[in-house]
Amino acid sequence: MQIPTTDGLADAFAAYPDHGEQHPGVLMNPDAFGIRPVIRDLAAELAGHGYYVLVPNFFYREGPTPIIDLPGHIGEADRSALVARLMPLIKELTPERVLSDADAYLGFLTAQPEVGAGPVAVTGYCIGGLLATRTAAAHRQVAALAAFHAPVAADGPESLLRLTADVHFGHAATDITPEALGELNQSLEAAGVTYTSEIYPGTVHGFTMSDTDAFDPAGLRLHWDRLLPLLSRALAKG
């Protein structure tokens, strides 16, 4: 699929049940390694629970997916070199660009004939979780926000004050200390956000991604145990 934006066309793909019905919309942001089979599998599994899932290539300004060549399995030895190549592109995802793109993505999502009227959700992994958080903070139509092993507080605690969505943040144990988690959760409390925010035991950054050394099957199961009830509850409000 091609999503028109202010800076060009963002390539994307969608997964949804083929029942000829309308479904709640979910905007899913991948991790920094982008759209690849594991992301397609996550989107397809979520779609199987009754959602229309739109996954954009947020690096589209650099070209269509794949932006860089990836090995079939991303080991720890690969990760550092790949992240080094991607970091300049991540830095170009300024808040202004992210919000402009989010407007385009959500407008495209809600215009699809398979997407029902009502609130939508945004999800994200790694840097995609930060993009999802920025999107939810800027759009009241977003009723659910879920981010996993993501730097969700990178914009500062004041950024969380704009959230109106129900939230789940699933943190890798290597990404955040219990003290920092407490500070983040206090910020969510102060913002009046309905949320859960927790460290997934024994996990490392990237634990949802089965094509990496970081993958943790128990962490992925907990991700689904948290994500699916959140979406069911929040999107039913519409």
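Check the entry above for the structure.
Residues numbered from 1 in each chain as written. Predicted model: local features only at pLDDT ≥ 70, side-chain atom pairs only at ≥ 80, totals over all residues. Heavy atoms only, no water.

(A) Here's a closer look at the pattern of salt bridges. Within this structure, the stated rule accounts for 7 salt bridges. Asp31 is the partner of Arg36 in a salt bridge, and the nearest nitrogen-oxygen pair spans 2.7 Å. Classification of Arg36 as buried rests on a relative accessible area of 6%. Judged by its relative accessible area of 5%, Asp31 falls in the buried class. For Arg61, the salt bridge goes to Asp101, with nearest N and O atoms at 3.0 Å. One end of the pair, Arg61, is in the loop between strand E4 (52-56) and helix H2 (76-91); the other, Asp101, is in helix H3 (residues 95-111), and 40 residues separate them in sequence. Residue classification places Asp101 among the buried residues on the basis of a relative accessible area of 3%. (Salt bridge = Lys/Arg side-chain N within 4 Å of Asp/Glu carboxyl O. Buried < 20%, exposed > 50% of the residue type's maximum accessible area, 1.4 Å probe, protein only. Helix = DSSP H or I, 4+ residues; strand = E, 2+ residues; numbered from the N terminus.)

(B) The arrangement of the packing of aromatic side chains in detail. Summed over the entire model, instances satisfying the criterion amount to 4 aromatic pairs. Taking the centre distance of 4.8 Å and the plane angle of 15° together, the rings of Tyr16 and Tyr52 count as stacked. Taken together, the residues Tyr16 in the loop between strand E2 (8-15) and strand E3 (25-29) and Tyr52 in strand E4 connect sequence positions 36 residues apart. For Tyr16, a relative accessible area of 35% translates into the label partly exposed. Exposure remark for Tyr52: the relative accessible area of 0% places this residue in the buried category. The ring centre of Phe13 lies 4.4 Å from the NZ or CZ of Arg40, which sits over that ring. (Phe/Tyr/Trp six-rings, centres within 6.5 Å; stacked < 30°, edge-to-face > 60°. Lys NZ or Arg CZ within 6 Å of the ring centre and 35° of its normal.)

(C) Quick look at the packing of helix H1 (residues 37-47) against helix H6 (residues 217-235). Contact pair H1 / H6: the axes reach a minimum separation of 12 Å and the direction vectors enclose 45°. Taken together, the axis directions place H1 and H6 in an arrangement best described as oblique. Where H1 crosses over H6, the handedness of that crossing is right-handed. Contacts between H1 and H6 pair Leu42, Glu45 and Leu46 from the former with Leu220, His223, Trp224, Leu227, Leu228 and Leu231 from the latter. Looking at the contact of H1 with H6 residue by residue, the class counts come to 7 nonpolar, 1 polar and 1 charged. (Axes fitted to C-alpha atoms, helices over the stretch in contact; angles between N-to-C directions. Parallel < 35°, antiparallel > 145°, perpendicular 65-115°, else oblique. Left-handed = near helix turned anticlockwise from the far one by under 90°. Contact = heavy atoms within 4.5 Å. Nonpolar A, V, L, I, M, F, W, Y, C, P; charged D, E, K, R; others polar.)

(D) Broad picture of the nonpolar core. Residues Ile3, Leu54, Leu109, Val122, Leu145, Leu163 and Phe169 are the most contacted members of the largest nonpolar core, which totals 50 residues. Not counting chain neighbours up to four residues away, the residues in contact with Phe169 comprise Thr133, Leu145, Ala147, Val152, Leu184, Leu188, Thr196, Ser197 and Glu198. By size, the runner-up hydrophobic cluster in this structure holds 32 residues, among which are Ile35, Ile39, Ala172 and Tyr200. (Core = buried A, V, L, I, M, F, W, Y, C linked by side-chain atoms within 4.5 Å.)

(E) Broad picture of the side chain of Asp31. Looking at where Asp31 falls in the secondary structure, it is placed in the loop between E3 and H1. A polar contact of 2.7 Å, which involves the side chain of Asp31, links it to the side chain of Arg36. When residues no more than four places from it in sequence are discounted, the contact partners of Asp31 are Arg36, Ile39, Phe58, Tyr125, Cys126, Ile127 and Met209. (Polar contact = N/O pair within 3.5 Å; in protein donor to acceptor, adjacent residues only side chain to side chain.)

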